[in-house]
Every structure is written in structure tokens, then in C-alpha cells.
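Each chain is listed here by its residues.
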Amino acid sequence: MKRFAHMSPDSLAAATAALRDTGAAPVGGGSDLLGMIKDDLAAPDRLVRLTQLSGLDTIAPRPGGGVQVGGMITLSALSRHPVIRDRYAVLAEAAGSVGTPQIRNAGTLAGNLTQRPWCWYFRQGFPCYKHGGTRCFSRTGENQFNAILGGGPSFIVHPSDTAPALVALDAQIHIVGDAGDRWLPIREFFVLPSEDVSRENVLRPGEIVTELALPPRPGARSVYTKVRDREAWTHAVVSTAVVLTLDDDGDDPGVCRRAAIALGGVAPIPWRVAAVERLLVGKRLTPELAAAAGAAAVEGARALARNRYKISLVSETLRRSLLSLT
Ligand SMILES: Cc1cc2nc3c(=O)[nH]c(=O)nc-3n(C[C@H](O)[C@H](O)[C@H](O)COP(=O)(O)OP(=O)(O)OC[C@H]3O[C@@H](n4cnc5c(N)ncnc54)[C@H](O)[C@@H]3O)c2cc1C
């Protein structure tokens, strides 16, 4: 493990200035980055700690509705917050499903969105695309947990549990760097390997995630469903984040007025399924429609040698998630 320096700036301006150095890296809870450093998979000269910056770990109402969530909030605080549990259950459930209590107590929302891939080959230090190499070892190797949608040339899956929830909520993400700041729709934050295989998001060197904005979703119901290969301590094999607005009364109770769905564990980015959303809107959510939606979610999926099971798994998980909201 390479030696590194550690600093705790007392303002956002000082943090972004410190991150101008090419050898500097931001750190939240360190639950991903410190493991990478110990395994010689990352070698920053200096860690710039962000968790002590004031105002970046809070949840506050936004003018005009919705809420603002600080990027440095821990996953456990996020999952327990009454407003998030009440109005954005999909996000509370996603945050509460991460790893273990220890990881959720240390891990931050921003770190969760920017964690590196957990593909075996990447984490074992194979010279794959993500390490600057020229091949994806999972394409023909141990690809049980790799992508069935949107893969190529790398077949990683995006590891974050909160990312599909935030995509289904149409969140906005705030990015700050030494040269300025910008807000982006969260779905524009993630980068497919076919666009740039070296990175998973649009952050430029030295930029950090400071906040997320959640739009108001009056009357919406939502759910995050995560399938794992064991009960805890691990990422999703597949997951579904569903946000629906159903007519509760009137002539047509149960008719879907709005649907937003993103899949996790199946693609290098959280995978929004717009065709499924269109299929649901304007119809009553029956068991038959839920099954059709599950099938539509995997249209175009292409399994690798060892992950065909994911196609039926994600289809069935989505069917059940939809019905759980009726
Ligand atoms: C055993 C184990 C199980 C896990 N299980 C899950 C799981 O089930 N689901 C899941 O989603 N994750 C899981 N993780 C991954 C990860 O630890 C957590 O997701 C956690 O939220 C990461 O947050 P952190 O603050 O600790 O990130 P850090 O380790 O501090 O940082 C992670 C990365 O993000 C960058 N970064 C940190 N903060 C910022 C910022 N504000 N702006 C820009 N970049 C930033 C760092 O430079 C680093 O590259 C697991 C990890 C372990 C070790």
C-alpha cells in the first residue's frame, strides 16, 4: 500500500482547491476507497476528507417543493430520515439495503454514487479496461454478475443501490469543482463504457458531488427491491426501483398515471426502462400487466455465458415490485 497524506479542509472552497492537485482524491466514509488503496488498486498521494464540511449532510425542503439532500449524508441517516421514508420510500429502502450497518454508518450518498465497479476482475487487479487495459475479462470469463444490458466493451454493472432509486425519482445532482458548479439530471451523470470506458460518471478531475435535489412527488408510491446472493454484506445481483402514481379514487381506481422505473445490477449504468413506463401509463395495474411489464423490461437483453438467469430474475423481480404497490 502506498503512503498517503490526509487533510480535512474546513470549507468547500478549500476542498476544491486541494483537489486541484492531480494526486489528490476526495473521500467520504472511505468504505470503498480505503479498500482500493489497501489492495493497491488506487494510489492517491493525498485524501481530501469531505464529511466534516458543514451543511453537506443535511436534508432540507426546497423552495417550490421537493427536498435537498446533502451528498455527505450517511446512508443510515438517509434511510432513517422521516421525510425520505414517507415521501421517497424507494430511496430510503435502497440506502437501507447497502452492505452492512457499519458500511451504512460510514458510507455517504455521494460515495455510494461514485464508488468504483465491483467486478471480480477489476477488484483482483486484472489489466482490464477499467485499469487502462485493452480487454474485458468478464466477457468470456466468470461473468455470473455482469451486464445483460448496455454492456460493451466493458461488462461491469453499476454497483450503487441508491443510483437506480435516484434515477427513478428524476433527481438532480449538484457538482462542484474549482472552476465552478453545475446541476445535472442524475441520469446524465452516468457514462456507458461505449461512451468512455475509463470512467463511470461525468465528474472531471477534482470535481465533487455536493447535493442531490428530489422533485416533489405528491401521491406517488415507490419501492426498491434488491435481490442478493446472500442476506447482507453485498451488492445487488439485480434490483428494481419503481415510482408509480396510481389513481386512488375517481372512476378508474388503480389506473397508472405516472411510472418511473430503473433497474440495478444489470447494466453499467442504472438502467431506465422508458418502454415499460409507457406500457403502464393509462392502464389499470393488473397481474397480467405487471407480467407484461416484467417481460418488456428485458427486451433487448443479451446474456453472457453465465448470467442468463438474470433475464428471468429481473423480469420476475419487476413484476413482484409492481404488484407490491397496488
Ligand atoms: C463489504 C462491502 C459491501 C458493500 N455493499 C454495498 C452494497 O450492498 N450496495 C452498495 O451500493 N454499495 C456497497 N458497498 C460499497 C460502498 O462502500 C458504499 O456504497 C458506500 O456508500 C461508499 O461511500 P463512502 O462514503 O464510504 O465512499 P468512499 O470510499 O469515501 O469513496 C468512494 C469513491 O467515491 C469518491 N468520492 C467520495 N465522495 C465523493 C464526492 N462527494 N464527490 C465525488 N467523489 C467522491 C472517492 O474518491 C472514491 O473514489 C460495499 C462495500 C463493502 C466494502
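Residues numbered from 1 in each chain as written. Predicted model: local features only at pLDDT ≥ 70, side-chain atom pairs only at ≥ 80, totals over all residues. Heavy atoms only, no water.

Engineer: Any chance you could break down the overall build of the protein chain for me, citing the residues and the numbers?
Structural biologist: In terms of helices and strands, the protein chain carries 12 helices and 12 strands. Compactness check: the protein chain gives a C-alpha radius of gyration of 20 Å against a globular reference of 20 Å for 326 residues, within 12% of the reference. Over its C-alpha atoms, taken along the principal directions, the protein chain stretches across nearly 65 × 50 × 35 Å. Taking all 326 residues of the protein chain together, 52% fall into the buried category. Once local pairs closer than 6 in sequence are excluded, the contacts in the protein chain between residues at least 24 apart make up 64%. Side chains of the protein chain carry 37 positive and 31 negative charges; the gap between the two charge centres is 4 Å. (Helix = DSSP H or I, 4+ residues; strand = E, 2+ residues; numbered from the N terminus. Rg over C-alpha atoms; globule rule 2.2 N^0.38 Å. Buried < 20%, exposed > 50% of the residue type's maximum accessible area, 1.4 Å probe, protein only. Contact = heavy atoms within 4.5 Å. Lys, Arg positive; Asp, Glu negative; His and termini not counted. Charge placed at Lys NZ, Arg CZ, Asp CG, Glu CD.)

Engineer: Outline the confidence of the model for the protein chain, supporting the account with residue identities and numerical values.
Structural biologist: For the protein chain, mean pLDDT is 97; residues scoring 70 or higher make up 100% of the total. In the model of the protein chain, helix H1 (residues 12–18) stands out as the element of lowest mean pLDDT, 96, in contrast to helix H9 (residues 162–168), which has the highest, 99. (pLDDT = per-residue confidence, 0-100.)

Engineer: Pulling in residues and values, what's your account of the pairing of strand S6 (residues 172–177)?
Structural biologist: Taken across its 6 residues, S6 has 5 buried, putting it largely inside the fold. Of the strand pairs in this sheet, S6 and strand S7 (residues 180–185) are connected by 6 bridges, and their pairing is antiparallel. Bridge assignment links Gly-177 to a residue of S7, and that residue is Gly-180. Counting the residues in the hairpin turn of S6 and S7 gives 2 residues. Pairing geometry for S6 and strand S8 (residues 208–214), over 5 bridges, is antiparallel. Across the sheet, Ile-175 pairs through a bridge with Val-209, a residue of S8. (Pairing = 2+ DSSP bridges.)

Engineer: Lay out helix H5 (residues 89–96) with the relevant residues and their values.
Structural biologist: Buried residues dominate H5, accounting for 6 of its 8 residues. By the burial criterion, the buried members of H5 are Ala-89, Val-90, Leu-91, Ala-92, Ala-94 and Ala-95.

Engineer: Please set out empty space enclosed by the protein residue by residue, giving values where relevant.
Structural biologist: A full pass over the atoms with the stated rule returns 1 cavity of 30 Å³ or more. Taken as a whole, the largest cavity encloses approximately 60 Å³ of empty space. In this structure, the largest cavity is lined by 13 residues; those nearest its centre are Cys-119, Cys-128, Cys-136, Ser-154 and Ile-156. (1 Å grid on protein atoms, 1.4 Å probe; cavity = no way out; pocket = protein on both sides within 12 Å on 5 of 7 lines; lining within 4 Å. Points joined across faces, edges and corners; volume = space filled by probe spheres on them.)

Engineer: For the domain arrangement of the protein chain, give the residues involved together with the corresponding values.
Structural biologist: The assigned domain composition of the protein chain is domain 1 (1–48) and domain 2 (221–324). Taken over C-alpha atoms, the centre of domain 1 sits 37 Å from the centre of domain 2. (Domains from an automatic or database assignment.)

Engineer: An account of the site of the ligand is needed here, citing residue identities and associated values.
Structural biologist: Every one of the 32 residues lining the ligand counts as a neighbour, but Pro-26, Ser-31, Thr-108, Asn-112 and Thr-234 are closest to it. Between an oxygen atom of the ligand and a side-chain N or O atom of Ser-31, the distance comes to 2.6 Å. A distance of 3.1 Å is found between an oxygen atom of the ligand and a side-chain nitrogen or oxygen belonging to Gln-115. Here the ligand, which alone exposes 970 Å², has 92% of that area covered by the protein. Breaking the shell around the ligand down by element, the ones donating at least two residues are strand S2 (24–27), helix H7 (109–114) and S8. It is H7 that contributes the most residues to the shell around the ligand, 4 residues altogether. (Near = heavy atom within 4 Å. Polar contact = N/O pair within 3.5 Å; in protein donor to acceptor, adjacent residues only side chain to side chain. Areas by Shrake-Rupley, 256 points an atom, 1.4 Å probe, with all protein chains shown as cover.)

Engineer: Provide a residue-level description of the sheet that holds S2, including the pertinent values.
Structural biologist: What the 3 strands build is an open sheet, ordered S1-S3-S2; its pairing is parallel. Single-partner strands in this sheet number two, and they are strand S1 (5–7) and S2. Strand-to-strand, the axes of this sheet are offset by a mean angle of 25°, without reference to chain direction. Relative to strand S3 (residues 46–49), S1 runs parallel, the two sharing 3 bridges. Bridging from a neighbouring strand, Met-7 pairs with Val-48 of S3. (Axes fitted to C-alpha atoms, helices over the stretch in contact; angles between N-to-C directions.)

Engineer: Please set out a nonpolar patch on the surface residue by residue, giving values where relevant.
Structural biologist: A cluster of nonpolar side chains, namely Trp-120, Phe-145 and Tyr-309, defines an oily patch on the protein surface of about 280 Å² accessible area. Judged by relative accessible area, which is 32%, Phe-145 ranks as partly exposed. (Patch = residues over 30% accessible without salt bridge, like charges linked within 9 Å, V, L, I, M, F, W, Y side chains within 5 Å. Salt bridge = Lys/Arg side-chain N within 4 Å of Asp/Glu carboxyl O.)

Engineer: Could you give an account of the environment of Glu-93, with specific residues and numbers?
Structural biologist: Tracing the backbone shows Glu-93 in helix H5. A sequence separation of 56 residues divides Glu-93 from Ile-37, and the C-alpha atoms of the two residues are 29 Å apart. In this view, Glu-93 contacts Ser-222, Val-223 and Tyr-224; residues no more than four positions away in its chain are not counted.

Engineer: For the layout of surface pockets, give the residues involved together with the corresponding values.
Structural biologist: Roughly 170 Å³ of internal volume is contained in the second largest pocket. Forming the boundary of the second largest pocket are Arg-139, Ile-148, Leu-149, Gly-150, Gly-151, Phe-155, Gly-300, Arg-302, Ala-303 and Leu-304. The class makeup of the residues in the lining of the second largest pocket is 5 nonpolar, 3 polar and 2 charged. (Nonpolar A, V, L, I, M, F, W, Y, C, P; charged D, E, K, R; others polar.)

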